[in-house]
Amino acid sequence: HRDWMGFWFMTPAAAILILFLAYPLCLGVWLSFPDAKIGKAGSFVGIENYDWLSDDTVFWGSVFFTLGYTVIASIIKFGLGLYVALLLNKNLPFKALLRSIVLIPYIVPTVLSAIAFWWIYDSQFSIISWALIKLGLLDHYINFLGDPWNARWCLIVANIWRGVPFVAITLLAGLQTVSPSLYEAATIDGASRWQNFRFVTFPLLTPIIAVVMTFSVLFTFTDFQLIWAMTRGGPVNATHLMATLSYQRAILGGNLGEGAAIATAMIPFLLAAIM
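Since the structure is predicted, the reported quantities are computational estimates derived from the model, not experimental observations.

Quick notes on the rules
- Residues numbered from 1 in each chain as written.
- Predicted model: local features only at pLDDT ≥ 70, side-chain atom pairs only at ≥ 80, totals over all residues.
- Heavy atoms only, no water.
- Core = buried A, V, L, I, M, F, W, Y, C linked by side-chain atoms within 4.5 Å.
- Buried < 20%, exposed > 50% of the residue type's maximum accessible area, 1.4 Å probe, protein only.
- Helix = DSSP H or I, 4+ residues; strand = E, 2+ residues; numbered from the N terminus.
- Contact = heavy atoms within 4.5 Å.
- Phe/Tyr/Trp six-rings, centres within 6.5 Å; stacked < 30°, edge-to-face > 60°.
- Lys NZ or Arg CZ within 6 Å of the ring centre and 35° of its normal.

Peer 1: Hey, could you run me through the nonpolar core in this one?
Peer 2: Generally speaking, nonpolar side chains in soluble globular proteins are found buried as a group. Core analysis: the largest hydrophobic core is formed by 19 residues, its most contacted members being Tyr69, Tyr121, Leu145, Leu155, Leu226 and Met230. Broken down by secondary-structure element, the contributors of at least two residues to this core are helix H3 (57–88), helix H5 (110–120), helix H7 (148–175) and helix H10 (225–230). Tallying contributions element by element places H7 first for this core, with 7 residues. Residues in contact with Tyr121, not counting those within four places in the same chain, are Ser126, Ile128, Phe144, Leu145, Cys154, Val157, Ala158 and Met230. Among the nonpolar cores identified, the runner-up in size contains 14 residues, and Leu172, Leu175, Ile209 and Val212 belong to it.

Rendered as structure tokens:
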């Protein structure tokens, strides 16, 4: 039967998703209920792990920083990505080369980017501090990653640098599908450049924007490599995302139940972002 044929064709992909996504997700949720340790199954304690987290200031700090990190970085990435996409959509010389260059921050391994930014923000050898001192704007080196607020903004900047190419190239693909005849018709009707963007480009890009921003928010919310390679959640736990705090508590600290509870607490936020 035709319907059953479709089902059987989907079965291998469904099996892979169940094995590598659904099963680990369910196992992680289950691990949040016992007081499991590494090497010890533990006993069922119900919502005690969640109750413990409700009074944990480090956990709530990671929640607020995760939300702020995600919102600020995603909005700026969208704005810059849209601007870059509009520029690359024009008839520029060496257009293909420029598109390739724009992709470099995204295709470079995350850890390599993190190490580069770690050197840029170094408290003794920072090129930013050196340049500002040579220009006479500062008389001392900036403590980028040693101050909690400086470290937070430095991580947001690094995430934006990595994420803009993904947004830009995806939106550029959407811009390529907009027919030039629509712009010609709007121009004949007296539309300005802003009106062309507002009433032609933006409405037609809306489906692409929905997809690209969903992925951008999810990737930013669950960011791990960039944070862990640059600050490991420091200084004084100021730059922990929920993902890095979960790893620290579960793997390095050995408290699998507590770490799983932190990871499970991410699910409502991710569902809200998708919705």
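Here the narrative resumes, following the displayed structure.
Peer 1: What should I look at first to understand the packing of aromatic side chains in this one?
Peer 2: For any pair of aromatic rings, geometry is given as the distance between the ring centres together with the angle between the planes. Scanning all chains against the criterion turns up 23 aromatic pairs. When the ring of Phe117 is compared with that of Tyr121, the centres are 5.8 Å apart and the planes differ by 35 degrees; the resulting orientation is tilted. Here Phe117 falls in the buried class, since its relative accessible area comes to 9%. Taking the relative accessible area as the measure of exposure, Tyr121 reaches 5% and is therefore buried. Three or more aromatic residues link up through ring pairs in this structure, and these residues are Trp30, Phe33, Phe44 and Tyr50. Taking NZ or CZ as reference, Arg152 lies 4.6 Å from the ring centre of Trp149, over its face. Sitting over the ring of Phe199, Arg198 keeps its end group 5.0 Å from the ring centre.

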